[in-house]
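Spelled out, the chains give:
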Amino acid sequence: MERLLQIKLICIVFLFFSFKIHAQNLIVEPNNPKKTLKIAFEKAKDGDTILIKKGVYKEGPLVLEKSVNLIGENYPVIDGEDIHEILKVKRDNVTIKNIVFSNSGSSSFKDIAALKIIDSKNVLIENCKFKNNFFGIHTMNSSEVRFFKNELISGKVKGKSSANGIHIWKSNNLSIEDNLIEGHRDAIYLEFVNKSTIKNNKCIENKRYGLHFMFSHDNVFNKNIFKKNEAGVAVMYSKRVKMIENVFSHSWGGAAYGVLLKEIDDSIIFKNVFTENTIAIYGDGANRIEITDNVFLKNGWALKINASSSEIVVKKNNFLGNTFDIATNGKLKAKSLNGNYWDKYEGYDLDKNGLGDIPYHPLSLFSILVERNESAMLLYRSFMITLLDKSERVLPSITPDYLKDETPLIHPIKL
């Protein structure tokens, strides 16, 4: 048995080095009919490297079905001429680096992309630039794909529509890291995507969502910046999601929010910053969500959680300068609201233990009135509303007693 294992190991090592020895480099040059991308794709064998010299390449739609390294020298441009899907990858073990993909075609009924990845595994897209495309990178039925340090910018050409920057469907174990995505419809769109990491991306001024994902479980979103996107981030129909150390900012509008939680269960929102959004977190059907160690700064509503949600835990957060700290449309079943800092708290701390001696009720009378009648916002900051809120805090009659922080903090938490 030991002898047989030795023979197998020798064969594997031999095949590995044989594969490396026979791998070759193929050169692609602009304006050279004998060294085009299509010819290189035809000649290449698995393990080869295709080196693309600097220049502009207009060769129509390209299909790569070899396990090769596709490397650009000084950022060559592959141009779709506003007509074609630029490159389709249909093979495992592919690396694509240092290439500009520009001017893909667009369509109202076809998912035309600058780069499409189908039924593939172990693919790396690194340090590439995507300019003025419909879909930037479109991935389907794939796994172990890494999107690293790419730049995807669209929406700059007047009259040309754009779709999602990174669009992924029915794929697992992905890594989306250190990308800049700007001007697309959704910066990142995930559907049926599980066990993946989205980290250190900048999603700025996209036309709908900075991040939009549905039916996607066990994913981690860490240290991303979502800024000035039309509607913020939407997390829908998903379970066991972790949102950690992200920044959600400047999403203003009638239907805008930092994060929308729609039918999401058993998830964590930890150490994020929500600043200057219409609604920082909007929850509808959000169950068993832990919202801890976050900063809510200068939002319209910090938390707007519908009564369809349950067992929400809100603790160790700083609520600073928000118009409303909490709003709901019914009897919200929160598991805990204890241990937060509320800048509107007017209690006292006689025993000097850092905790307020009387509970804080973050749901104000005015927020209830606005929830029932939006036009009441016209009275915001009026003397009458201030008087009503003060009276309600002294003799509560409308605001629910079950929504309260039993141990409000006297000083903000250093996060």
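Above this text is the structure in question.
Since the structure is predicted, the reported quantities are computational estimates derived from the model, not experimental observations. (Residues numbered from 1 in each chain as written. Predicted model: local features only at pLDDT ≥ 70, side-chain atom pairs only at ≥ 80, totals over all residues. Heavy atoms only, no water.)

**Q** How should I be thinking about unusual backbone geometry in this particular structure?
**A** Only a minority of non-glycine residues have a phi that is not negative, and only a minority of peptide bonds are not trans. A positive phi is found at Asn31, a non-glycine position, where the angle reads about 60°. Along the chain, Asn31 falls in the loop between β1 (25-28) and α2 (37-43). When its relative accessible area of 80% is taken as the criterion, Asn31 is described as exposed. Of note, the phi angle at Asn132 is positive, near 55°, even though the residue is not glycine. (Helix = DSSP H or I, 4+ residues; strand = E, 2+ residues; numbered from the N terminus. Buried < 20%, exposed > 50% of the residue type's maximum accessible area, 1.4 Å probe, protein only.)

**Q** Looking at this structure, how should I read the packing of aromatic side chains?
**A** Remark: the centre distance and the inter-plane angle together describe each pair of aromatic rings, the angle taken between the planes. Summed over the entire model, instances satisfying the criterion amount to 13 aromatic pairs. Pairing Phe215 with Tyr237 gives two aromatic rings, centres 5.2 Å apart and planes at 15°, and the pair type is stacked. Remark: Tyr237 occurs in strand β25 (residues 232-239) and Phe215 occurs in the loop between β22 (209-214) and β23 (220-222); sequence separation between them is 22 residues. Ring centres 4.2 Å apart and planes at 10° place the aromatic pair Phe319 and Trp342 in the stacked group. With Phe319 in strand β34 (residues 318-320) and Trp342 in strand β37 (residues 341-342), the pair connects residues that are 23 residues apart, well separated along the chain. Through a chain of ring-to-ring contacts, the aromatic side chains of Phe226, Phe248, Phe274, Phe296, Phe319, Trp342, Tyr345 and Tyr360 assemble into a single cluster. Residue placement shows Arg146 over the ring face of Phe148; its charged tip is 4.0 Å from the ring centre. Across the ring face of Trp301, the terminal group of Lys304 is positioned such that the distance to the ring centre comes to 4.4 Å. (Phe/Tyr/Trp six-rings, centres within 6.5 Å; stacked < 30°, edge-to-face > 60°. Lys NZ or Arg CZ within 6 Å of the ring centre and 35° of its normal.)

**Q** Help me out: how do you make sense of the environment of Tyr282 in this one?
**A** Looking at where Tyr282 falls in the secondary structure, it is placed in strand β30 (residues 279-292). In this structure Tyr282 comes out as partly exposed when scored by relative accessible area, which is 22%. The spatial distance from the C-alpha of Tyr282 to the C-alpha of Thr328 is 9.7 Å, given a sequence separation of 46 residues. Within polar-contact distance, the side chain of Tyr282 engages the side chain of Asn306 at 3.1 Å. (Polar contact = N/O pair within 3.5 Å; in protein donor to acceptor, adjacent residues only side chain to side chain.)

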